[in-house]
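A structural walkthrough
The primary structure of each chain is shown beneath.
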Amino acid sequence: MKKQFARTLKNLQIRNEVLRKPLRLKRQRVQSLLKRAKKIVCGTYQDVIPRASITHPGMIREQELSHPCAPDFLPDQSQIGTLSGNLRGMDVQNEKESNDKKSSGGGVFSMFRGLVGGKTLSEADIEPVLEKLKDHLIGKNVASEIATKLCQSVGKKLEGKVVGTFEGVSTTVRNTLTESLVQLLTPKRRLDVLRDVVEAKTSGRPYTMAFCGVNGVGKSTNLAKISFWLIENNFRVLIAACDTFRAGAVEQLRTHMHHLNALHPPENHKGRTMVQLYEQGYGKDAAEIARHAIEFARKNDFDVVLIDTAGRMQDNEPLMRAC
Ligand SMILES: Nc1nc2c(ncn2[C@@H]2O[C@H](COP(=O)(O)OP(=O)(O)OP(=O)(O)O)[C@@H](O)[C@H]2O)c(=O)[nH]1
Ligand SMILES: [Mg+2]
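Let me sum up the structure you'll find in this document. Computed from a prediction, not measured in an experiment: that's the story for all the values here.

Before going further, it helps to spend a moment on the overall build of the protein. Secondary structure assignment for the protein yields 11 helices and six strands. Evaluated residue by residue, the protein yields a buried proportion of 32% over its 323 residues. Per element, the accessible surface of the protein, about 21000 Å² overall, is 56% carbon and sulfur.

Below you can see the structure in the form of structure tokens.
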């Protein structure tokens with residue numbers, strides 16, 4: 001009986017030891033975490049950890065409302081003052097070298113392998129190849145009207161051209177396609193946003209720019225980037241939240257506004273808030289909001305109105321017209 005009791009006691013001691021080990025480990029981990037937390041509160045990590053990660057989310061919201069600059073955003077001073085100036089030129093880079101390298105490969109140009117070198121290209125030679133090119137472009141989501149126009153333009157330029165070798169054909173077609181694309185995408189009038197903004201300002205109206213495109217293509221992000229560039233050039237920007245459809249679209253713009261104001265605080269601009277958001281929530285008529293925003297900008301001395309819109313396909317004419 002005594003022996004049995006002693007054995008049970010020993011077993012119990014061993015089990016306790018095993019049980020105590022992880023407990024001890026857990027305690028050590030908790031202590032180390034507490035130490036780290038203490039350091040964070042004391043400010044040791046404040047420079048490297050964004051403040052949002054150590055602040056209660058509810059507090060951020062409150063502070064946001066009372067201050068135009070988001071407290072969770074630490075502006076990178078090196079970015080400021082680097083973007084003043086003019087738009088870069090629109091010269092098309094000469095990619096002949098890389099084109100020549102690629103011309104022997106597959107892809108869209110492999111369909112021109114069917115054309116025989118060393119002869120003058122006729123309509124009959126080109127037509128089937130252009131049909132294939134058109135199908136390829138449509139398959140890549142190019143609107144069918146654009147694809148047809150592009151192929152027509154390539155066809156016209158190719159007709160009557162004399163090609164030497166087989167490789168020469170694909171290079172010729174590639175160059176012709178590039179030429180046609182550049183022609184199609186080159187604006188009919190000179191594009192100089194800064195000059196246009198100044199012109200609009202002198203005639204007492206804000207310069208307006210709408211961002212349209214397919215969902216997720218980067219409209220709102222690029223709107224924020226262009227806002228930054230305009231502020232760098234000392235223009236006041238009003239962002240019109242006309243994407244009243246996608247959840248979070250307005251909040252996304254509000255965050256951009258906070259960050260932009262943190263980078264360019266009013267004290268650096270004679271007390272003027274450089275960017276503001278004009279919003280009327282969700283589900284409203286976007287065109288109406290844009291109209292009110294422009295009116296608001298005119299009355300409140302904003303130089304530029306940037307209109308964010310909900311994503312839409314470029315070939316959806318009614319939706320494109322709506323924006
Ligand atoms: N790498 C990279 N990502 C980008 C760029 N522009 C936008 N994005 C990312 O693409 C995603 C969508 O960007 P948004 O600006 O919200 O696109 P949007 O066109 O406004 O989208 P919708 O409002 O939903 O139609 C985001 O995750 C962006 O961070 C860019 O120039 N480069
Ligand atoms: Mg957007």
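All right, on to the sheet that holds strand β5 (residues 275-278) then. Read from one edge of the open sheet, four strands run β3-β6-β4-β5, paired in parallel fashion. For this open sheet the edge positions go to β3 (207-211) and β5, each flanked by a neighbour on one side alone. Within the sheet, the average angular offset between the axes of one strand and its neighbour, ignoring direction, is 20°. With six bridges connecting them, strand β4 (residues 237-242) and strand β6 (residues 304-309) associate as parallel partners.

Once that is clear, we can look at helix α4 (residues 123-139). Over its 17 residues, α4 extends 24 Å from the first C-alpha to the last, a length consistent with the 24 Å expected when each residue adds 1.5 Å. Along α4, the residues classified as buried are Asp125, Ile126, Val129, Leu130, Leu133 and Leu137. Directly after α4, the chain includes Asn141, whose backbone phi takes a positive value near 75°.

Before going further, it helps to examine the site of ligand 1. Close to ligand 1 lie 13 residues; Gly218, Lys219, Ser220, Thr221 and Arg246 are nearest. Note that an oxygen atom of ligand 1 is positioned 2.7 Å from one of the side-chain N or O atoms of Arg246. Counting residues per element, the shell around ligand 1 draws most heavily on helix α8 (residues 219-232), at four residues. Class assignment for the residues of the shell around ligand 1 results in two nonpolar, seven polar and four charged.

Moving on: a nonpolar patch on the surface. Together, Ile146, Leu181, Leu184 and Leu185 line one region of the surface with nonpolar side chains, adding up to about 350 Å² of accessible area. Per-element accounting of the nonpolar patch gives the leading share, three residues, to helix α6 (residues 166-185). You can call Ile146 partly exposed: its relative accessible area is 38%.

So, how was this worked out
Residues numbered from 1 in each chain as written. Chains lettered and ligands numbered in written order. Predicted model: local features only at pLDDT ≥ 70, side-chain atom pairs only at ≥ 80, totals over all residues. Heavy atoms only, no water. Helix = DSSP H or I, 4+ residues; strand = E, 2+ residues; numbered from the N terminus. Buried < 20%, exposed > 50% of the residue type's maximum accessible area, 1.4 Å probe, protein only. Areas by Shrake-Rupley, 256 points an atom, 1.4 Å probe, with all protein chains shown as cover. Pairing = 2+ DSSP bridges. Axes fitted to C-alpha atoms, helices over the stretch in contact; angles between N-to-C directions. Expected span 1.5 Å × (residues − 1). Near = heavy atom within 4 Å. Polar contact = N/O pair within 3.5 Å; in protein donor to acceptor, adjacent residues only side chain to side chain. Nonpolar A, V, L, I, M, F, W, Y, C, P; charged D, E, K, R; others polar. Patch = residues over 30% accessible without salt bridge, like charges linked within 9 Å, V, L, I, M, F, W, Y side chains within 5 Å. Salt bridge = Lys/Arg side-chain N within 4 Å of Asp/Glu carboxyl O.

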